[in-house]
Amino acid sequence: MAPYSSPSSRGIARPVVSVALLALCSLTLSACGSSEGKAGADGAGNTATTKVTDATGTKVDVPAAPERVVALSEMDLDASLALGVEPVGLTAGRGQKGAPQYLADQAETIPVVGAVTGPDIEKVVQAKPDVILAGQLADEQVLAQLRRIAPTVVTIGGTKDWKKALRLTGTTLGRTNEAEKFLTDYETRAAALKTDLGPRAGTKVSVARYSAKGTAVMQQGVFISDVLKDLGFTRPGIQNEQGEGHSTPLSDENLKEIDGDWLFIGTLDAGTDSELLAELARKPAYGQLGAVRDKHATVVDGTKWTSLGGAQAAVSVLDDIRKAMVK
């Protein structure tokens, strides 16, 4: 079966900027500018700038201390909040109407300015950003539109490495020290957990997501796989292989692909999908999985385990694993 490709991996929608909107951009420096702009969102903010090389190798001049940040990916939102910066606009998480569930409390007052399929350009303008964190956005037409609004930094590279993205976000937001401290704390916690896991650190850990579309596994090249590598876990079957999309769908006949010594399975919707997960649990093929028989299957928040992930998601995953596997 062909791997599932999320909307973001199939191509970003191309928002169109109206003539009126372009006129607004040309007249309102407080809302719009280029990557060379030095004015703050109120037109009189900090004039000092710093040059950042983004994940695509593009050099961007950004304010030395940005005050109005728009985060156009889950990872950007996660990183900004982790570094003590509350964005003025966010992109809704995968399968969400707003922020990912694990960030919902921190981000409840932040306006939504886009979806996984791409930003709403007019809403981005209305947010009056002085910096735009563009996540893994690759559509040059959309990027050009964003750069007319404010300095725009693509923060996520091809490997989707959350640690590199956090460092780049820290540099962009003038929070380099905070980013390094976060990573040091994460490494300390991961090392402590690996020690406490003992021989379980080398066991096979499976990660899956369930929804109305069925079951899917998380392969290599996504956030959760990187966190599991930090703990010394191995992965079963096709989860050792590089995925072509964000997750790979499975039929009930191939449900054995989600088996392992331990299974973590999540949903993107704690309401509707949890009811579907109960249906999955009643399927004979699921009950026959070794991890299920051994009571090593744990339901987790899919918005942090099986989506784009980020800094705070990584720490929270460590906590989930400790609770499930350290006795």
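The structure reproduced in this document is the subject of the present report. (Residues numbered from 1 in each chain as written. Predicted model: local features only at pLDDT ≥ 70, side-chain atom pairs only at ≥ 80, totals over all residues. Heavy atoms only, no water.)

### Considerations on the packing of aromatic side chains
Working definition: an aromatic ring pair is given by the centre-to-centre distance plus the angle between the planes. Applying the stated criterion across every chain, the model contains 2 aromatic pairs. On the numbers, 4.9 Å between centres and 85° between planes, the contact of tryptophan 162 with tyrosine 186 is edge-to-face. Of this pair, tryptophan 162 sits in helix 7 (residues 162–172) while tyrosine 186 sits in helix 8 (residues 176–197); the two residues are 24 residues apart in sequence, bridging distant segments of the chain. Per residue, the accessibility class of tryptophan 162 equals that of tyrosine 186, and both read buried. (Phe/Tyr/Trp six-rings, centres within 6.5 Å; stacked < 30°, edge-to-face > 60°. Helix = DSSP H or I, 4+ residues; strand = E, 2+ residues; numbered from the N terminus. Buried < 20%, exposed > 50% of the residue type's maximum accessible area, 1.4 Å probe, protein only.)

### A word on the pattern of salt bridges
Counted under the stated rule, the structure contains 10 salt bridges. Aspartate 230 is the salt-bridge partner of lysine 163, the closest N and O atoms lying 3.1 Å from each other. In this pair, lysine 163 sits in helix 7 while aspartate 230 sits in helix 9 (residues 223–230), placing the two residues 67 residues apart along the sequence. Taking relative accessible area as the criterion, aspartate 230 reaches 24% and is therefore assigned partly exposed. Its salt-bridge partner being aspartate 185, residue lysine 181 comes within 2.9 Å of it at the nearest N-O pair. Of this pair, lysine 181 and aspartate 185 both sit in helix 8, 4 residues apart, which is roughly one turn of the helix. Lysine 181 sits in the exposed class, given a relative accessible area of 54%. What makes aspartate 185 partly exposed here is its relative accessible area of 36%. Here the residues in one salt-bridge network are Lys163, Glu187 and Asp230, joined through shared partners. (Salt bridge = Lys/Arg side-chain N within 4 Å of Asp/Glu carboxyl O.)

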